[in-house]
Amino acid sequence: MVYKIRVILDAKDTIFRDIEIKDKQTLWNLHLGIKSAFSLPGEELSSFYFSDDEWNEGQAVPLEDMSDDGDGEIMSDIYLNEGFQQVGAKMRFQYGFIDLWEFFCELLEINDEKPAVNYPITVYRFGNVPLKAPSKNGSDNGKGKKSAMPFMDDDFGDFDAEFKEENFDDEDDDYNDDEEETGYNDVFEEDDED
């Protein structure tokens, strides 16, 4: 069987892709399908989250196992028919760490597999994908986001304010750059080997 999954980008504008994927493929395959459908850059960390009807995040299924004991489930362990158990089932998908792309995935329908199709495949595209990850509310394409490293902002304070009053004239005015140093007469004699 083939699952048709609508993947909606969490953004101000409506941007989504419909992806068809076999029910015996894994969340890892869907992850690759989403990356391709939305032209996501790089090889970033990502996770799927089981969700209820209100899109609340449940158990995470990461790309790679980050647990201390190394026995956590990862995307390649979960088949599509386990993640999306019936039409209308939902999962969330997050891609990236600093620039976080967030998606809502919903199983729209289950169809028969078509011969000679290489799944996953994007079957419908709507909207243009922005160059950068949208902010959480999608309003300003990430420009209004708080810094991903707030501790750096706090530690260094307002850099411009601290140095605005300083005069940074050439501090080594006593040194004359135009003078050439003397005493170096590099003359090389060629040895005549004839």
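Residues numbered from 1 in each chain as written. Predicted model: local features only at pLDDT ≥ 70, side-chain atom pairs only at ≥ 80, totals over all residues. Heavy atoms only, no water.

- Named according to an unreviewed UniProt entry, the protein chain is PRiA4b ORF-3-like protein originating from Epilithonimonas pallida.

Brief notes about the overall build of the protein chain
Moving on, step 1. What the protein chain contains, in helices and strands, is four helices and seven strands.
Moving on, step 2. Across the protein chain, helices and strands are ordered from the amino to the carboxyl terminus as β-β-α-β-β-α-β-β-β-α-α.
Moving on, step 3. Relative to its full complement of 194 residues, the protein chain shows a buried share of 31%.
Moving on, step 4. For the protein chain, restricting intrachain contacts to residue pairs at least 6 apart in sequence, the fraction spanning at least 24 positions comes to 61%.
Moving on, step 5. Approximately 13900 Å² of the protein chain is accessible, and the part contributed by carbon and sulfur atoms is 45%. (Helix = DSSP H or I, 4+ residues; strand = E, 2+ residues; numbered from the N terminus. Buried < 20%, exposed > 50% of the residue type's maximum accessible area, 1.4 Å probe, protein only. Contact = heavy atoms within 4.5 Å. Areas by Shrake-Rupley, 256 points an atom, 1.4 Å probe, with all protein chains shown as cover.)

Describing the pairing of strand β2 (residues 16–22)
Moving on, step 1. The element β2 is extensively covered by neighbouring structure, given that six of its seven residues are classed as buried.
Moving on, step 2. Between strand β1 (residues 2–9) and β2, which pair antiparallel and follow one another directly, the connecting turn spans six residues.
Moving on, step 3. Across five bridges, the pairing between β2 and strand β7 (residues 121–126) is antiparallel. Residue Glu20 lies in a different strand from β7, and its bridge partner there is Ile121. (Pairing = 2+ DSSP bridges.)

Description of a nonpolar patch on the surface
Moving on, step 1. Together, Ile121, Val123, Tyr124 and Phe126 line one region of the surface with nonpolar side chains, adding up to about 330 Å² of accessible area.
Moving on, step 2. Tracing the backbone shows Tyr124 in strand β7. (Patch = residues over 30% accessible without salt bridge, like charges linked within 9 Å, V, L, I, M, F, W, Y side chains within 5 Å. Salt bridge = Lys/Arg side-chain N within 4 Å of Asp/Glu carboxyl O.)

Section: helix α1 (residues 27–38)
Moving on, step 1. Compared with the 16 Å implied by 1.5 Å per residue over twelve residues, the 16 Å span of α1 between its first and last C-alpha is a close match.
Moving on, step 2. Burial runs high along α1: nine of the twelve residues are buried.
Moving on, step 3. Where α1 is concerned, the buried positions are Leu27, Asn29, Leu30, His31, Gly33, Ile34, Lys35, Ala37 and Phe38.
Moving on, step 4. Directly after α1, the chain includes Ser39, whose backbone phi takes a positive value near 50°. (Expected span 1.5 Å × (residues − 1).)

A look at the pattern of salt bridges
Moving on, step 1. Per the stated rule, a full pass over the model turns up four salt bridges.
Moving on, step 2. Among the ionic pairs, Arg6 bridges to Asp18, the shortest N-O distance being 2.7 Å. You can see Arg6 sitting in strand β1 and its partner Asp18 sitting in strand β2, a full twelve residues away along the chain.
Moving on, step 3. The class of Arg6 is partly exposed, set by a relative accessible area of 26%.
Moving on, step 4. Between Glu113 and Lys22 there is a salt bridge; the shortest N-O distance is 3.8 Å. Taken together, the residues Glu113 in the loop between β6 (101–111) and β7 and Lys22 in strand β2 connect sequence positions 91 residues apart.
Moving on, step 5. On the basis of relative accessibility, which here comes to 41%, the residue Glu113 falls in the partly exposed class.

A short note on the packing of aromatic side chains
Moving on, step 1. Evaluated as defined, the whole model comprises six aromatic pairs.
Moving on, step 2. Three or more aromatic residues joined by ring pairs make a cluster, and in this case those are Phe38, Phe48, Phe93 and Phe103.
Moving on, step 3. Positioned over the ring face of Phe38 is Arg17, at 5.1 Å from the centre of the ring. (Phe/Tyr/Trp six-rings, centres within 6.5 Å; stacked < 30°, edge-to-face > 60°. Lys NZ or Arg CZ within 6 Å of the ring centre and 35° of its normal.)

Focus on the pairing of strand β4 (residues 57–62)
Moving on, step 1. Across four bridges, strand β3 (residues 46–51) lies against β4 in antiparallel orientation. Looking across to β4, one finds that Ser47 is bridged to Pro62.
Moving on, step 2. Remark: five residues form the turn of the hairpin made by β3 and β4, two consecutive strands paired antiparallel; Trp55 in that turn has positive phi of roughly 70°.

With respect to the environment of Lys114
Moving on, step 1. Within the secondary structure, Lys114 is located in the loop between β6 and β7.
Moving on, step 2. Remark: the alpha-carbon pair of Lys114 and Val2, spanning 112 residues in sequence, is separated by 8.4 Å.
Moving on, step 3. Apart from the residues within four sequence positions on either side, Lys114 is in contact with Glu20 and Tyr119.

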